[in-house]
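Chain residues, written in single-letter form:
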Amino acid sequence: MNLRKLPRGFYLRPTLTVAGDLLGLFLVRRIGKRLLVGRIVEVEAYLGERDPASHAYRGRTKRNEVMFWRGGHLYVYFTYGMHFCCNVVTEDEGIGRAVLLRAVEPVSGADVMIRNRKRSSRRNSMDITDLCRGPARLCQAFRIDHRDNGSDLCGRKIWIAAEPNAERVSPRRTARIGISNGTEHRWRFYLPNNRFVSRTPPHPLTPTRTR
DNA sequence: ATCAAGATTACCT
DNA sequence: GGTAATCTTGATA
């Protein structure tokens with residue numbers, strides 16, 4: 001593989017554009033001498049002050065501080081008393097938008113990912129399919145936690161890379177998962193027919209019927 | 001000071 | 001299908 005680290009400019013573009021473009025790219029993390037690599041298959045955009053589902057909806061706080069940094073940083077938050085989730089910060093400083101990484105397909109370092117997952121969840125079975133399927137599982141596998149909050153994605157510990165010759169697959173869009181406000185927006189992006197996507201989506205073209 | 005909710009997961013029937 | 005686990009945060013008083 002010929003992976004090229006993305007430049008800062010990638011992240012400084014409109015958030016929905018960045019979200020769609022992230023699909024098929026690679027999350028890379030250095031742990032010691034090992035590199036963990038996962039192909040991004042599912043993300044969600046959170047649009048700051050105009051998005052009631054966003055942590056940044058009510059402005060800057062101690063928790064969401066990093067969301068307001070310049071694009072190309074990692075925003076990591078803690079939730080449900082036990083899980084971490086990570087976001088790619090987008091656009092300019094002071095804007096407060098980001099893209100949640102919801103699932104990746106393990107590409108390299110799966111052995112380390114299995115150990116990391118066992119370390120945090122002490123589970124018996126470790127199917128490859130479930131290693132990074134979901135935002136908190138992904139963080140466990142890549143050993144991403146509060147210490148990584150604010151990491152520069154143009155740095156040497158965590159970054160996103162492209163494979164120049166990779167073929168592009170058009171992403172599908174649906175409403176986001178696990179939120180109660182802002183469900184009218186189709187700001188979840190995923191690769192179709194991919195077993196590493198976290199869930200079968202609430203499909204936008206098949207509204208639920210009553211009766 | 002108190003409290004409800006949470007960008008989830010694992011395990012149960 | 002349902003729900004316990006587990007604790008930080010932000011809102012309200």
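See above for the structure.
Within each chain, residue numbers correspond to sequence positions counted from 1 in written order. A letter from A marks each chain and a number from 1 marks each ligand, given out in the order of writing. For this predicted model, a pLDDT threshold of at least 70 governs which residues receive local features, and a threshold of 80 or more governs which side-chain atom pairs are given and counted, while totals over whole chains, interfaces and linings are taken from all residues. The side-chain figures draw on all heavy atoms in the structure; neither hydrogens nor water molecules are used.

Description of the pairing of strand E7 (residues 158-162)
Put simply, side chains in a regular strand alternate between the two faces of the sheet.
Part 1 of the reasoning: Within E7, 5 of the 5 residues are buried, which leaves the element mostly enclosed by the surrounding structure.
Part 2 of the reasoning: Covered by surrounding structure in E7 are Ile158, Ile160 and Ala162 together with Trp159 and Ala161, the residues of both alternating faces.
Part 3 of the reasoning: Two strands are counted as paired when DSSP detects at least two bridges linking them. The helix and strand labels rest on DSSP assignments: H or I over at least four residues marks a helix, E over at least two residues marks a strand, and numbering proceeds from the N terminus. Two strands pair when backbone bridges link them, and strand E2 (residues 26-31) and E7 are joined in this way by 4 bridges, in the antiparallel orientation. If you follow phenylalanine 26 over to E7, its bridge partner there is alanine 161. Each residue is assigned to one of three classes by its accessible area relative to the maximum for its type, calculated with a 1.4 Å probe on protein chains only: buried under 20%, partly exposed between the two thresholds, exposed over 50%.

Quick look at the pattern of salt bridges
Part 1 of the reasoning: Here, a salt bridge means any Lys or Arg side-chain nitrogen found within 4 Å of an Asp or Glu carboxyl oxygen. All chains considered together, the criterion is met by 14 salt bridges.
Part 2 of the reasoning: The salt bridge partner of glutamate 91 is arginine 97, with a shortest N-O separation of 3.3 Å.
Part 3 of the reasoning: Shared partners join several salt bridges into a network, and the residues in it are Glu42, Glu44, Arg102 and Arg188.

Quick look at the protein's contact with DNA strand C
Part 1 of the reasoning: To be near a molecule or strand, a residue needs just one of its heavy atoms within 4 Å of it. Around DNA strand C sit Arg58, Thr61, Arg63, Phe78, Tyr80, Gly81 and Met82, and those are all the residues in its vicinity.
Part 2 of the reasoning: Protein-proximal atoms of DNA strand C, defined as those within 4 Å of the protein, fall in sugar or phosphate at a share of 60%.
Part 3 of the reasoning: Two N or O atoms form a polar contact when they lie within 3.5 Å of each other; inside protein one atom must be a possible hydrogen donor and the other a possible acceptor, and for residues adjacent in sequence the pair counts only when both atoms belong to side chains. The side chain of threonine 61 places a nitrogen or oxygen atom 2.5 Å from a phosphate oxygen of DNA strand C.
Part 4 of the reasoning: For DNA strand C, a base oxygen lies 2.4 Å from a polar atom in the backbone of tyrosine 80.
Part 5 of the reasoning: Gly falls in the polar group here, along with every residue not listed as nonpolar (Ala, Val, Leu, Ile, Met, Phe, Trp, Tyr, Cys, Pro) or charged (Asp, Glu, Lys, Arg). Residues belonging to the surface near DNA strand C are distributed by class as follows: 3 nonpolar, 2 polar and 2 charged.

Comments concerning the protein's contact with DNA strand B
Part 1 of the reasoning: Not every one of the 20 residues close to DNA strand B is listed here, only the nearest: His55, Tyr77, Asn87, Arg117 and Arg137.
Part 2 of the reasoning: Sugar plus phosphate: this is where 55% of the atoms of DNA strand B within 4 Å of the protein reside.
Part 3 of the reasoning: Separating a phosphate oxygen of DNA strand B from a side-chain N or O atom of arginine 102 is a distance of 3.1 Å.
Part 4 of the reasoning: Here the surface near DNA strand B takes 3 residues from helix H4 (residues 135-141), the largest share from any one element.
Part 5 of the reasoning: Classifying every residue of the surface near DNA strand B by side-chain character gives 9 nonpolar, 7 polar and 4 charged.

Looking at the nonpolar core
Part 1 of the reasoning: Among buried residues, the Ala, Val, Leu, Ile, Met, Phe, Trp, Tyr and Cys ones that are joined through side-chain atoms within 4.5 Å form a nonpolar core. Leu22, Ile40, Val43, Leu101, Phe142 and Ile160 are the most contacted members of the largest nonpolar core, which has 44 residues in total.
Part 2 of the reasoning: Examining the composition of this core, we find that 5 residues originate from one element, strand E3 (residues 34-46), more than from any other.
Part 3 of the reasoning: It only takes one pair of heavy atoms within 4.5 Å for two residues to be counted as in contact. Those residues within four positions of phenylalanine 142 in sequence are excluded, and the remaining contacts are Leu27, Arg29, Ile31, Leu36, Val37, Gly38, Val104, Met113, Asn116 and Cys132.
Part 4 of the reasoning: The next biggest cluster of nonpolar side chains, apart from the first, holds 12 residues, and it includes Ala56, Tyr75, Ala98 and Leu100.

Points about the environment of leucine 22
Part 1 of the reasoning: You can see leucine 22 is positioned in helix H2 (residues 15-22).
Part 2 of the reasoning: Remark: the alpha-carbon pair of leucine 22 and valine 99, spanning 77 residues in sequence, is separated by 9.1 Å.
Part 3 of the reasoning: Contact partners of leucine 22, with chain neighbours within four places excluded, come to Phe10, Ile40, Val43, Val99, Leu101 and Ile160.

Structural notes on the layout of surface pockets
Part 1 of the reasoning: Estimates place the volume of the largest pocket at around 670 Å³.
Part 2 of the reasoning: Here a cavity denotes grid points, spaced 1 Å and computed from the protein atoms alone, that fit a 1.4 Å probe unable to get out, and a pocket denotes an open set having protein on both sides within 12 Å along at least 5 of 7 lines; residues with an atom within 4 Å of a point are the lining. Contributing to the lining of the largest pocket are 29 residues, with Tyr77, Tyr80, Cys85, Arg102 and Pro135 lying nearest its centre.
Part 3 of the reasoning: A total of 4 residues in the lining of the largest pocket trace back to one element, the largest contributor, which is H4.
Part 4 of the reasoning: Taken together, the residues of the lining of the largest pocket sort by class into 12 nonpolar, 10 polar and 7 charged. Grid points are joined across faces, edges and corners, and a volume is the space filled by probe spheres set on the points.

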